[in-house]
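Now for the letters of each chain:
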Amino acid sequence: MAMKAIVKSVISGDSLLLRGSPGPQGQIPKERVLHLADIQAPRMGTASRDDEDWAFESREFLRALAVGKPVTFTSTHALPPSDDVPRDIGTAEINGVDLASELLKNGWAKLKELKRDPTDEDARKREIEAEARAAGKGIWNPHGPKARATNYMMPTDSQGFLAEYKGQPIDGLVEQVKDGSTLRIRLLMPDGDHQFVNIALAGVRCPRVASKQGEASEQWGEEAKFFTESRLLQRYVKVTLLSLPNAAPTPFQAGANATAPPPATIFIGTVLHPAGNVAEHLVSAGLARVVDWHAGMLASSGGMERLRAAEKVAKEKRAYLYANAPAPSAKSNGAALNGSSRSFDATVVRVWSADQISVVDRETGKERRLQLSSTRGPRPSDPKQAYWAQEAREFLRKRLIGKHVKVHVDFIRPREGEFEERECATVRYGGQNSNIAEQLIEKGLATAVRHKRDDEDRSPEYDKLMAAEQAAAAEGRGLHSGKDMPAPKQPLNISESAHRATTFVNGFKRLGRIPAVVEYVAAGSRFKIYLPKDNQVLTLVLSGVRAPRTARNASESSEPYGPESAEFATRRYMQRDVEIEIHDADKSGGFIGALYLNKTENAAITLVKEGLATVHPYSADNLSWAKQLYDAEEEAKQAKRNIWKDYDEEAEQATEAPVEDANGPLKTEYLDVIISDVRTKPHFAFSIQILNTEGIASLEQLMREFSLHHKTVAAPAGGFVPRAGDLVSAKFSDGQWYRARVRRASPIKKEAEVTFIDYGNQDTVGFADIRPLDPRFRSLPGQAHDARLSFVKLVPAESEYHEEAVDRFRQLCEGRKLVANIDHREGPVLHLRLIDPTNPAVAHDPYESINVELVREGLATVDKKGCRYLSSYPAMAKKLQEAIATAKRDRAGMFEFGDVEEDD
C-alpha cells in the first residue's frame with residue numbers, strides 16, 4: 001500500500017529519512033527510514049571511517065532531488081527499528097518519478113546482485129544502469145572522484161581556525177540540528193575540503209533537547225528543533241564564525257588566565273538561508289530567547305536590534321517561551337516618575353563613584369542622585385579593583401563635573417538591604433550626545449550588569465553596553481587587562497597640624513597658582529583640596545571673606561544663609577579642576593589663600609557677589625584684588641541678595657569713592673592648549689588643540705566611531721578623485737583614518753596634499769587612501785587651530801641657529817600641556833603667548849613666557865613688522881628688551897659673536 005510523507009533528509013545515495021505532517025495541535029511528526037530497494041550507493045563516512053568514493057556526490061544528487069518534498073513510498077520489507085525509528089526497504093516516487101531509476105540513470109547508484117528471478121522491471125533497471133555505465137556518468141566516471149579531505153571532527157586548533165575565518169561568509173550544508181539553536185554544519189572550505197563544525201546561533205538560545213535515552217527535553221525544545229529542522233536541515237546556508245563560547249569575562253576572576261583554553265566543541269556564528277536569518281524567526285515565533293552577552297558580536301551588523309524587535313513581537317503574541325512574559329512596564333512610557341520628570345536637562349554637581357552621580361535639574365533646581373543604568377563600577381573596597389575604581393571616578397569627573405547633560409530615568413531600583421532606593425538613568429553629554437555609561441564600559445572602567453532573564457528594568461541601550469564591554473575585554477582595556485594594579489596610596493594630609501602646614505607655606509608661595517581639585521566643600525569658604533601632582537590633601541580657607549557657619553552636626557545650628565552658602569559652593573566648585581594660591585596658614589593647619597575656577601573666576605569674589613559671604617576687611621585690605629571684593633559686596637548690597645536681603649543703605653550710610661578701572665589693551669584670554677603639530681615649510685608655524693572643551697571630548701567619540709566606520713565600510717566603487725577644498729577621510733602614515741581638507745590634488749600623480757583638520761599636520765596621500773567624508777562626521781569643526789608666537793619670531797631660516805631654534809621650540813612646547821594667552825587674531829591664525837605652567841616665575845610675572853625665553857636664549861627676535869600690536873603691550877615690550885639685553889650679555893644663540901640684531 002502506497003503511503004505519503006515528506007523527505008526530512010537524505011542519509012546516503014540510497015536511503016531517506018521521512019517524516020509525516022505535524023499534528024493538528026502542532027505535535028512533532030513521527031519519522032521512519034526508507035532504504036531504496038535493489039540499489040546500492042556509496043556509503044557516507046563518519047569520524048572513524050572515510051567516505052567511499054563518490055559518496056558525497058551521490059547523496060548530494062538525491063538531496064537536491066528530494067529534501068523537503070512530498071514523497072509517495074511503498075514498503076516491501078520491514079527491518080528492525082533503530083532507536084524506536086521504523087526502518088523499511090521499498091520504493092519511492094516524487095511527482096511520479098521513481099527515485100531508484102533516477103539514481104541509476106545518472107550513475108549515482110548500482111543494482112545489487114538479485115537473489116530472485118529477474119522481472120521485467122529488473123531488466124529495465126539493468127538497461128538503465130548499463131547506459132549510465134557506458135556514458136561514464138556518476139560513479140562510472142573513469143577519471144574518479146575529485147580529491148577532497150573531509151574532517152568530521154571540530155578543528156583541533158579552534159582559536160587558529162576562528163582567527164583565520166572569523167567574519168568571512170563560508171558556504172555550508174546543515175547536516176544535523178541538535179536543538180533549535182545548535183547545528184552541525186559541513187563547511188565547504190575555499191580549498192575544496194569539507195570541515196564539520198558545531199554552530200550555536202549568535203544572539204539566541206533555544207530550550208535543550210534530550211540527547212540520551214531516558215532524558216527529558218526542556219519545554220518547547222522539540223518544537224524549536226522541528227522549527228529549525230524543517231527550514232534548514234540539509235539546506236545550503238552562509239555561515240559566519242564570530243566567536244568561541246566564552247561568556248563576557250568577569251574581571252579579576254580567579255585563575256582566569258592560568259592555563260590555555262582546551263579545544264572548543266562549538267563555535268558561535270550566524271547562519272543565513274536565502275529566506276532569512278533563522279535566529280530572528282525563532283525568536284519571533286517564541287521558540288528562542290535572546291542571549292544578552294552576544295550583543296558585542298552582532299553590534300556592527302545591527303543583528304541585536306533585529307533580535308530585540310523579534311523578541312518584542314513574541315512577547316506581544318505571548319508565544320511559547322513568552323507565554324508568561326510580564327506585561328510591558330508602565331514605567332517605560334509617560335512623562336513623570338514618582339512625581340519627577342523622566343527626561344530632563346541637568347548639570348552634574350558630584351561624582352560619587354564609578355557608577356553614581358548627582359545632578360541638578362536645570363528647570364526645577366532640585367538635586368537628584370542617579371545610578372547609571374545597567375552599569376557596575378569597580379569597588380574601592382576590593383584591593384584588586386581599587387585602582388580602577390579611582391580611574392573610573394576620575395574619568396567621570398573630568399567628563400561630567402559641571403557639564404550640561406541630558407538625563408532619562410529608565411527605572412527605579414527599589415530599596416534592598418543596605419541599598420537605598422535609587423533612580424537609574426541614561427546620562428548623555430556633549431555635542432555627540434554620548435552615553436557616558438557606554439564610554440565608561442568601553443574603556444574597561446566598568447562592566448554591564450548581568451540582568452535576570454525576564455528583568456525588564458535595564459538600560460534601553462543594554463545591548464550597546466554589552467557590546468562595549470566585549471570590545472574592552474577583547475582589547476584588554478582597564479579591568480580586563482589582567483594587570484594587578486596596586487591600590488592607590490592614601491594622600492598625605494598636610495593640614496593635619498599647624499606645624500606641618502607651616503613647613504609648606506613658603507614653597508606654595510613660590511609656586512604661585514597650583515593645579516588642584518576640590519574634593520569636598522565643608523562650608524561656603526572652606527574647602528578640602530586635593531593636589532594630584534603630589535598626592536596631598538589640604539584644607540583651604542578663602543582669604544579676605546567670611547561665609548556664614550554651617551552646622552556640623554545635629555546639636556549645632558547654622559548661621560543665616562550658612563547652608564545656602566555651602567550649597568552654592570558645593571554646586572559650583574565641588575570636584576572641579578581649579579587653581580589655588582596660598583598666602584598663609586592658620587592655627588589649625590588650614591591654608592589661607594585663593595581659589596580660581598577656569599583660571600579667571602575668583603571663588604571669594606563670586607561668593608561675595610552672590611551675597612553668600614562678606615568681606616573681612618582686616619585680611620582683604622592686603623590683597624591685590626581687594627577692590628574687586630568691595631565692589632562685589634556693594635553690588636550684592638544694592639541687589640539685596642541673600643545676606644543683604646534686609647540691607648538699608650541709608651541706615652548704613654555706606655559710601656565708597658569710585659576708583660577708575662584701568663583696562664588693558666585686550667582682554668586676557670587664558671587657554672589650556674597642547675601643541676599638536678610643528679612645521680617649518682613653507683615657514684615656521686604650529687597648530688594647537690584647545691583642551692577642556694566639548695569639542696575635544698566630542699573628537700574622542702568621533703574618532704572611535706570614525707575608526708569603526710572605516711573598518712566596516714568598503715571603499716567607493718570606481719575610485720574617488722578629490723578636489724582642492726574638499727573635506728575627506730584620509731589615511732595617515734600610521735595607518736589610521738582622519739578627517740582632512742584637500743589643499744591641492746594631482747589626478748596625474750593620483751595623489752593629493754591634505755591638511756588634517758583636527759591635528760594641523762600635513763601630508764601627501766595617494767587617491768587610494770582618500771575617501772569622501774561621510775556626512776555624519778562633518779558637523780564637528782576641525783579641532784586644530786593655526787597659530788604663531790606673538791611679539792616674536794624665530795631666527796630666520798638662513799641663520800645657522802634656525803635649526804637649533806626650531807629644536808628648542810619643540811623641546812619646550814611639542815606635545816606638552818601649556819597655557820596660552822591670545823594677544824592678537826590674524827584671520828584664523830592665533831598670535832599666542834605660550835606659558836609653561838610648571839615655571840614658578842609665571843606666578844609673579846604675567847609676561848614671563850616661552851616667547852620671552854626664546855628671545856633670552858638668542859633664538860628669537862622681536863617681530864616689529866609682523867606684530868604691529870606690540871605697542872599696545874608696553875609691559876611686554878619692556879620685558880622683551882630686557883630679554884634681548886640678557887641674550888647679548890650672555891652671548892646666547894645668534895649673539896654668540898656679537899650684536900647681530902636686525903635693524904628693523
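As the structure is a computational prediction, the values presented were derived from the model and not from experiment.

Procedures and definitions
Residues numbered from 1 in each chain as written. Predicted model: local features only at pLDDT ≥ 70, side-chain atom pairs only at ≥ 80, totals over all residues. Heavy atoms only, no water. pLDDT = per-residue confidence, 0-100. Contact = heavy atoms within 4.5 Å. Helix = DSSP H or I, 4+ residues; strand = E, 2+ residues; numbered from the N terminus. Buried < 20%, exposed > 50% of the residue type's maximum accessible area, 1.4 Å probe, protein only. Pairing = 2+ DSSP bridges. Axes fitted to C-alpha atoms, helices over the stretch in contact; angles between N-to-C directions.

## What about the confidence of the model for the protein chain?
For the protein chain, the mean per-residue pLDDT works out to 87, and 94% of the residues sit at or above 70. In this model, residues 330-334 is a region of pLDDT below 50 whose contacts with residues beyond four sequence positions or in other chains number 8 contacts. In this model, residues 654-664 is a region of pLDDT below 50 whose contacts with residues beyond four sequence positions or in other chains number 3 contacts.

## Focus on the environment of Val237
Within the secondary structure, Val237 sits in strand β14 (residues 236-243). Val237 gets classed as buried once you look at its relative accessible area, which sits at 3%. Residues Val237 and Lys609, 372 residues apart in the sequence, show an inter-C-alpha distance of 73 Å. Beyond its immediate sequence surroundings of up to four residues, Val237 is in contact with Ile170, Asp171, Gly172, Val174, Leu232, Val271, Leu272 and His273.

## Regarding the sheet that holds strand β39 (residues 727-731)
The sheet built from 5 strands is open, its strands ordered β42-β41-β40-β39-β43 with antiparallel pairing. The two strands at the open ends of the sheet, each matched to only one other strand, are β42 (762-766) and β43 (770-772). Across this sheet, the average inter-strand angle for adjacent strands is 45°, counted without regard to direction. Pairing analysis gives 6 bridges linking strand β40 (residues 737-746) to strand β41 (residues 751-756), with the strands arranged antiparallel. Note on β41: the bridge partner recorded for Ala745 is Ala752. Here helix α18 (residues 694-712) sits on the sheet in contact with β39, β40 and β43, set at roughly 70° to β40.

## Overview of the pairing of strand β6 (residues 85-94)
Of the pairings in the sheet, the one linking strand β3 (residues 31-36) to β6 comprises 4 bridges and is parallel in character. Directly across from Val33, in β6, lies its bridge partner Arg87. In the sheet, strand β5 (residues 70-82) pairs with β6 via 8 bridges, with the strands oriented antiparallel. Looking across to β6, one finds that Leu79 is bridged to Arg87. By the bridge criterion, 2 bridges tie β6 to strand β7 (residues 97-98) in an arrangement that is antiparallel. Counted as the bridge partner of Ile94 is Val97 from β7. Between β6 and β7, which pair antiparallel one after the other, the connecting turn spans 2 residues, and Asn95 there sits at a positive phi close to 55°.

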